[in-house]
Amino acid sequence: MSEEITNNQPAAASANADSAQEKFWYVVHTQTGHEDKVKEKILTQIKVQNFGDRIFNVLVPTEEVVEVKQNKKTLRKRKFFPGYILVEMILSSQSYWFIRNIVGVTGFLGDPYPVPLPEEEIAGIVELTTVTDGKPKHAVQFNRGEQVRITEGPFKHFVGVIEDVNESKNKLKVMVTVFDRAAPVEVDYLQVEKIN
C-alpha cells in the first residue's frame, strides 16, 4: 500500500523523498455527524505524534444559517459536505495511515489512490467558509412562484406568491390579495413561511 500511495504523488521523486513532496488538500470521508470530533482528534494527534510537518490544516466547511422554529429565530452552523472533511497534507504512507487510523475516519476520496483537490476548487470552498459579511444565510431558500404565508407585520396571515427574490438583502416581493386586488408586499425572509 505504501508504494501505491507514494508513487501516486506528482511531486514525489522517490519513495523516501517526503520532503520533496508538495502539500495538497484531500477529501477525507468520516462518519456523518462526527466531522468536528474527527477534526479535533486529528489536531490532537498531530501534536501528540509530532506530525505538524506533514499535516498542516483540517477544515470542516460550514456556513452560519438562520432557522425559524416555533416563531423563534435560531442561528446554527450548517455543514457544506456532511460526512466529509478536508485535510491539507503531504501524502505519504505515514501520513495516509495516520489519518486512516483516526477513529471516525472511513477513508479518503479516491482510495486506494487519494486524489488531491484542484487549487481553484479548494480556494472556492475556503472562501465560502471564511467570508463573513455579518449576515448569516437563511436555512430556507425561496424561489419565484412559490406560495408563502406572511407570519409577521401588518399583513400577518396573508397568503401570497413570491414575485421577486433579493438574496443580497434577504427580502422577498410577495403578491397578496387585498380588497380583491393584487398588491406587492416587501417582506424579510424571516417574516414568511413556505406553504407545503
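To keep things clear, this report deals only with the structure shown in the data block. Numbering of residues begins from 1 in every chain and follows the order in which that chain's sequence is written. Side-chain atom pairs in this predicted model are given and counted only at pLDDT of 80 or more, local residue features only at pLDDT of at least 70, and totals for whole chains, interfaces and linings cover all residues. Think of the side-chain values as coming from all heavy atoms in the structure, minus any hydrogens and water.

## Examining a nonpolar patch on the surface
Here, patches come from residues exposed beyond 30% relative accessible area and free of salt bridges, joined within 9 Å for like charges and within 5 Å for nonpolar side chains (Val, Leu, Ile, Met, Phe, Trp, Tyr). With residues, only the protein chains shown are counted as cover, and all accessible areas are computed by Shrake-Rupley using a 1.4 Å probe. Salt bridge criterion: a side-chain nitrogen from Lys or Arg within 4 Å of a carboxyl oxygen from Asp or Glu. On the surface, a cluster of nonpolar side chains totalling about 260 Å² of accessible area is made up of Phe81, Tyr84 and Leu109. Only DSSP runs of H or I reaching four residues or more are called helices, and only runs of E reaching two or more are called strands; each is numbered from the N terminus. Mapped onto the fold, Leu109 is located in the loop between strand S6 (105-108) and helix H4 (119-130).

## Quick word on the sheet that holds strand S5 (residues 84-89)
Taken together, four strands build an open sheet; the order of strands is S2-S5-S1-S6 and the sheet is antiparallel. What marks the edges here is a single partner per strand, and that holds for strand S2 (55-59) and S6. Between one strand axis and the next, the sheet turns through 30° on average, direction left out of account. Packing of helix H2 (residues 35-49) onto the sheet brings it into contact with strand S1 (24-30), S2, S5 and S6, and relative to S5 it is tilted by some 25°. Residue contacts are counted whenever heavy atoms from the two residues lie within 4.5 Å of one another. To get an axis, fit a line to the C-alpha atoms, keeping to the stretch in contact for a helix; angles then go from 0 to 180 degrees between the N-to-C directions. Sitting on the sheet, helix H3 (residues 93-100) is in contact with S1, S2, S5 and S6, with an inclination near 145° to S6. When DSSP finds two or more bridges between a pair of strands, those strands are recorded as paired.

## Notes on the pattern of salt bridges
Close approach of charged atoms allows side chains with opposite charge to pair. Under the criterion given, the structure shown has eight salt bridges. Between Glu35 and Lys79 there is a salt bridge, with the nearest N and O atoms lying 3.9 Å from each other. Of this pair, Glu35 sits in helix H2 while Lys79 sits in strand S4 (residues 72-79), and the two are 44 residues apart along the sequence. Under the scheme applied here, a residue whose accessible area is under 20% of the maximum for its type counts as buried, over 50% as exposed, and between as partly exposed, the area being computed with a 1.4 Å probe on protein chains only. On the basis of relative accessibility, which here comes to 1%, the residue Glu35 falls in the buried class. Relative accessible area serves as the criterion here: at 27%, Lys79 is assigned to the partly exposed category. A salt bridge links Lys194 to Glu146, with the nearest nitrogen and oxygen atoms 3.2 Å apart. Within this pair, whereas Lys194 is found in strand S12 (residues 192-194), its partner Glu146 is found in the loop between strand S7 (137-138) and strand S8 (147-150), the two being separated by 48 residues in sequence. By relative accessible area, which is 22% here, Glu146 ends up partly exposed. A cluster of three or more residues bridged by salt bridges with shared partners is formed by Glu35, Asp36 and Lys79.

## Section: unusual backbone geometry
Cis rather than trans, the peptide bond between Asp111 and Pro112 has omega equal to 5°. Inspection of the secondary structure puts Pro112 in the loop between S6 and H4. Despite not being glycine, Phe179 shows a phi value in the positive range, around 50°. For Phe179, the position within the fold is in the loop between strand S10 (171-178) and strand S11 (181-188). At Asp180, a residue that is not glycine, the phi angle is positive and equals roughly 65°. Using a relative accessible area of 77% as the deciding quantity, one classes Asp180 as exposed.

## Brief notes about the sheet that holds S10
Taken in spatial order, the five strands line up as S11-S10-S9-S8-S12 in an open sheet, and their pairing is antiparallel. With one partner strand each, in any of the chains shown, S11 and S12 form the two edges of the open sheet. Strand-to-strand twist of the sheet, defined as the mean angle between neighbouring strand axes without regard to direction, takes the value 45°. Where S8 meets S12, three bridges bridge the pair, whose relative direction is antiparallel. Each bridged residue has a counterpart across the sheet, and for Val148 the counterpart in S12 is Lys194.

## What about the packing of aromatic side chains?
Only Phe, Tyr and Trp rings take part, Trp by its six-membered ring, and two of them pair if their centres are within 6.5 Å. Stacked means planes under 30 degrees apart, edge-to-face means over 60, and tilted covers everything else. Under the defined criterion, the tally for this structure stands at six aromatic pairs. A centroid spacing of 5.0 Å and a plane angle of 85° characterise the contact between Tyr96 and Trp97, whose relative ring orientation is edge-to-face. Look at Tyr96 and Phe108: their rings are 5.1 Å apart centre to centre, the planes differ by 15°, and that puts the pair in the stacked class. Residue Tyr96 is found in helix H3, and its partner Phe108 is found in strand S6; the two are separated by twelve residues along the sequence.

## Here we look at the pairing of S10
Bridging between strand S9 (residues 159-166) and S10 involves six bridges; their strand directions are antiparallel. Residue pairing for S10: Asn166 is matched across the bridge by Lys171. As consecutive antiparallel partners, S9 and S10 are separated by four residues, and within that stretch Asn170 has a phi angle of approximately 55°, a positive value. Here eight bridges tie S10 to S11, and the two strands are oriented antiparallel to one another.

From the geometry alone we can't say anything about function, so treat these as descriptive.
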